[in-house]
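So you can see what is in the structure, the chains are spelled out below.
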Number of protein chains: 2
Amino acid sequence: VDGRQAVDAVSLHAVVLAGGSGTRFWPWSTPARPKQFLPIGGAESLLVRTVQRIGPLVPTERTWVVASAGLAAEVRRHLPALGEDRLVVEPCARGTAAAIGLAALAVAGVDPDAVLAVLPSDHHVARGAAFRELLAVAAERAAEGAVVTLGVPPTRPETGFGYLERHGDRVVRFTEKPDRETAARFVAAGHLWNAGVFVARASVLRSVIAVHLPALHRVLEHIAAGEDAFAEAPGVSLDHGVMEPLAAAGTPPVVGLRADVGWSDLGSWSALAEVGAPDASGNVVSGTPVLIDSARNIVHTDGGTVALVGVSDLVVVRVGDSVLVCPRERSQEVRRVVEALAGGSE
Amino acid sequence: VDGRQAVDAVSLHAVVLAGGSGTRFWPWSTPARPKQFLPIGGAESLLVRTVQRIGPLVPTERTWVVASAGLAAEVRRHLPALGEDRLVVEPCARGTAAAIGLAALAVAGVDPDAVLAVLPSDHHVARGAAFRELLAVAAERAAEGAVVTLGVPPTRPETGFGYLERHGDRVVRFTEKPDRETAARFVAAGHLWNAGVFVARASVLRSVIAVHLPALHRVLEHIAAGEDAFAEAPGVSLDHGVMEPLAAAGTPPVVGLRADVGWSDLGSWSALAEVGAPDASGNVVSGTPVLIDSARNIVHTDGGTVALVGVSDLVVVRVGDSVLVCPRERSQEVRRVVEALAGGSE
């Protein structure tokens, strides 16, 4: 059931990456309250739901969270049952490769045979049981030495994602953020979206980092020896620094599993349309706005009176003292507001 | 200068109608804080600017304000110099005919020869000096026995206004809220918008009310005799109850003066485009919103952070706990929000 039986044979640990500082859900998300701490599309925060989702497969004592020092207290508040030493603190932001390397070091110190499931903390997965079954399969393949990644069947030629090109279940190429035309070709060819989930033995991760990111490997050796060397790690993502060259090299194998699990990266306000239930006019609403002759809007309000009259296809958000108005198809540009606020006199 | 010399010959009193309870500027205006108390398009409230505008022509001791009991305290707060007995309180809302009749009674009690200039308290006039010159001319004509009204040269075939049809300067017909086609014909024919400003002797007003609104006349007689009869007055506007039949009857003459004075009734949020200065992208802004790739919007905010990304031709308002988003051309429909809030469970 839920893949639990299959995975009992391997020592599966979860490494939840909670260091993200994205501001794509401004004004709901802020640098002090990034997306993973928000209850987007559910009652609990995305971080809590990430841990709950894998709960039947990975018990709390094998669940690890990586986060920056500034977010550590918030992680503890959301996950009070997290073990004292299961929170791995990044001394500074150096991208996911360094964060995952640091976590792999910590897990291997406790369990040298560990298989790690590296999970983003700010994604939505509609079908948790299907996700766990897939993760159990991934754990088996990882125990055999593969580096496994989950690939989501695309629903649109999205240019903001990475794509996995497979031969059989072998990933032969990672392509980050293709242009529109290439993305359309990838979708037609059956390539998958990179969901940012990786499963591998801690020892395998260590060796592929040694081959493809030797600078990070040296830093991790210093840290293992008790030195404070994290700041010297190269600031690069695992996808770009390790998975891309690994897929090209082909050894150990990169396995891509098709993940039809109702996934969304919740990359912008417009993604709420994927996880929320629209009303009769197609509005996706949280809070209690007043909607008059208004259709297909995404409205989020935490109080007060928010009224829309005769508007369509907008994102309208009120959180505390802040208000956002933006067309749905431009909600990716919300970061420009955050930049303006950081750079301006506001 | 400013018509002061001309008007010295007549005893001109101003009757400022401050009983309006419109909610067209929701959420800035509310039933407890109607439009006349808001500093729309200026530093002072519309009520204060109305009184200041006529100041060079009408001294404080000849300035009267009519308002409901619920708004009396707010009127005093805005006009601390207003004489103790110069605030005429309407016991209940019965439309402008009854309000003006009540005020005429009060003024005539002090000055039987008074000429009244009846002025809305919630309009904008860009050219105050020109307005005063016109009012002085109106006062002279009124002293001679005419009922004088100001007519604004139309800038669009507005269907929400009343129109004055003139032969020479004689108004021969009032038409309220024509349909689109009729409005276009009126504009082409040179008809004027009814600005809601009336100038007449108190004694003339009394007699035209007696002829055209005998029910109101009787109520005013009872009030003059010390009775508490206001609630029995017919609830009708002066335009509809008196001016329309008076223009048709032709005696005493209704004189319409062309008022090219930069007038706006500020009938909805979109009217701010007429009184505010647009930025380089055509946005008319009060407060300090963050505007990114956004054009021709009307934005009003009293604090917090209000951000617009990639939107155009919208009204976006944040006042206190409330937010409004509406296309400019539909800002007349804001009343539907107020109705929804009054009728709903919100």
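Residues numbered from 1 in each chain as written. Chains lettered and ligands numbered in written order. Predicted model: local features only at pLDDT ≥ 70, side-chain atom pairs only at ≥ 80, totals over all residues. Heavy atoms only, no water.

1. Some details on the overall build of chain A
So, point 1. A tally of helices and strands in chain A yields 11 helices and 17 strands.
So, point 2. For 346 residues, the compact-globule estimate of 2.2 N^0.38 gives 20 Å, and the C-alpha radius of gyration of chain A, at 20 Å, lies within 12% of that figure.
So, point 3. Along the longest, intermediate and shortest principal axes, the C-alpha atoms of chain A span 60 × 45 × 40 Å.
So, point 4. In chain A, which comprises 346 residues, the proportion classed as buried is 55%. (Helix = DSSP H or I, 4+ residues; strand = E, 2+ residues; numbered from the N terminus. Rg over C-alpha atoms; globule rule 2.2 N^0.38 Å. Buried < 20%, exposed > 50% of the residue type's maximum accessible area, 1.4 Å probe, protein only.)

2. Some remarks on the nonpolar core
Residue and element names in this part refer to chain B.
So, point 1. With 49 residues, the main nonpolar core has Leu12, Val75, Leu135 and Val199 as its most contacted residues.
So, point 2. Of the residues forming this core, the biggest block, eight residues, is contributed by helix H5 (residues 128-143).
So, point 3. Those residues within four positions of Leu135 in sequence are excluded, and the remaining contacts are Ile54, Leu57, Ala117, Leu119, Val197 and Val199. (Core = buried A, V, L, I, M, F, W, Y, C linked by side-chain atoms within 4.5 Å. Contact = heavy atoms within 4.5 Å.)

3. A few points about the relation of the copies chain B and chain A
So, point 1. Expressed as a screw operation, the relation of chain B to chain A combines 0.1 Å of axial shift with a rotation of 180°, fitting to an RMSD of 0.0 Å. Accordingly, the operation relating the two chain copies is best matched by a two-fold axis.
So, point 2. Comparing interface residues between copies, 100% of those in chain B also lie at the interface in chain A; the contact surface is shared. (Least-squares fit on C-alpha atoms with pLDDT ≥ 70 in both.)

4. Concerning the pattern of salt bridges
All names here are of chain A.
So, point 1. Across all of its chains, the model carries 34 salt bridges over all chains by this definition.
So, point 2. Linking Asp260 and Arg127 is a salt bridge whose minimum nitrogen-to-oxygen distance equals 3.3 Å. Note that Asp260 is positioned in the loop between strand E10 (254-258) and strand E11 (263-264) and Arg127 in the loop between strand E5 (124-125) and helix H5 (128-143), a separation of 133 residues in sequence.
So, point 3. Note on Asp260: relative accessible area 47%, which makes it partly exposed.
So, point 4. Residue Arg127 is classed as partly exposed on the basis of its relative accessible area, which comes to 40%. (Salt bridge = Lys/Arg side-chain N within 4 Å of Asp/Glu carboxyl O.)

5. Structural notes on the packing of aromatic side chains
So, point 1. The final tally for this structure, using the stated rule, is 12 aromatic pairs over all chains.
So, point 2. With a centroid separation of 4.7 Å and 50° between ring planes, the pair formed by Phe25 of chain B and Trp269 of chain B is classed as tilted. Placement of Phe25 of chain B in the loop between strand E1 (12-17) and helix H2 (46-54) and of Trp269 of chain B in the loop between strand E11 (263-264) and helix H10 (272-275) is noted, with a sequence separation of 244 residues between them.
So, point 3. Taking the relative accessible area as the measure of exposure, Phe25 of chain B reaches 0% and is therefore buried.
So, point 4. Judged by relative accessible area, which is 0%, Trp269 of chain B ranks as buried.
So, point 5. Geometrically, the ring pair formed by Phe161 of chain B and Trp263 of chain B is edge-to-face, given 5.6 Å between the ring centres and 65° between the ring planes. Separated by 102 residues along the polypeptide, Phe161 of chain B in the loop between strand E6 (147-152) and strand E7 (162-167) and Trp263 of chain B in strand E11 bring together distant segments of the chain. As far as burial versus exposure is concerned, Phe161 of chain B and Trp263 of chain B are alike and both buried.
So, point 6. One aromatic cluster is present, built from ring pairs that chain together Phe25, Trp28 and Trp269 of chain A.
So, point 7. The positively charged end of Arg53 of chain A is found above the aromatic ring belonging to Phe131 of chain A, 6.0 Å away from the centroid. (Phe/Tyr/Trp six-rings, centres within 6.5 Å; stacked < 30°, edge-to-face > 60°. Lys NZ or Arg CZ within 6 Å of the ring centre and 35° of its normal.)

6. Quick notes on the sheet that holds strand E16 (residues 314-319) of chain A
So, point 1. If you walk across this open sheet you meet the six strands as E12(A)-E14(A)-E16(A)-E17(A)-E15(B)-E13(B), and the pairing is mixed. Only two strands of the sheet have a single neighbouring strand rather than two, namely strand E12 (284-286) of chain A together with strand E13 (290-292) of chain B. Direction aside, neighbouring strands of the sheet carry axes that sit 5° apart on average.
So, point 2. Sitting on the sheet, helix H11 (residues 335-343) of chain A touches E13 and strand E15 (305-309) of chain B, and the angle it makes with E13 of chain B is about 130°. (Pairing = 2+ DSSP bridges. Axes fitted to C-alpha atoms, helices over the stretch in contact; angles between N-to-C directions.)

7. Some details on the pairing of strand E10 (residues 254-258) of chain B
All names here are of chain B.
So, point 1. Within E10, four of the five residues are buried, which leaves it mostly tucked inside the rest of the structure.
So, point 2. By the bridge criterion, five bridges tie E6 to E10 in an arrangement that is parallel. Each residue of the ladder has a partner; that of Val147, found in E10, is Val254.

8. Some thoughts on the interface of chain B and chain A
So, point 1. On the side of chain A, 30 residues touch chain B, which itself brings 30 residues to the contact.
So, point 2. A buried area of about 2600 Å², summed over both sides, lies between chain B and chain A, and 59% of it is on carbon and sulfur atoms.
So, point 3. Our count for the contact surface shared by chain B and chain A stands at six salt bridges.
So, point 4. Close ionic contact of Asp293 of chain B with Arg336 of chain A constitutes a salt bridge, the shortest N to O distance being 3.3 Å.
So, point 5. Linking chain B to chain A there are 16 residue pairs in polar contact (both at pLDDT 80 or more).
So, point 6. Going through the elements one at a time, E13, E15, strand E16 (314-319), strand E17 (322-327) and helix H11 (334-343) of chain B are the ones with two or more residues in the side of chain B that touches chain A. (Buried area = accessible area lost by both parts, 1.4 Å probe. Polar contact = N/O pair within 3.5 Å; in protein donor to acceptor, adjacent residues only side chain to side chain.)

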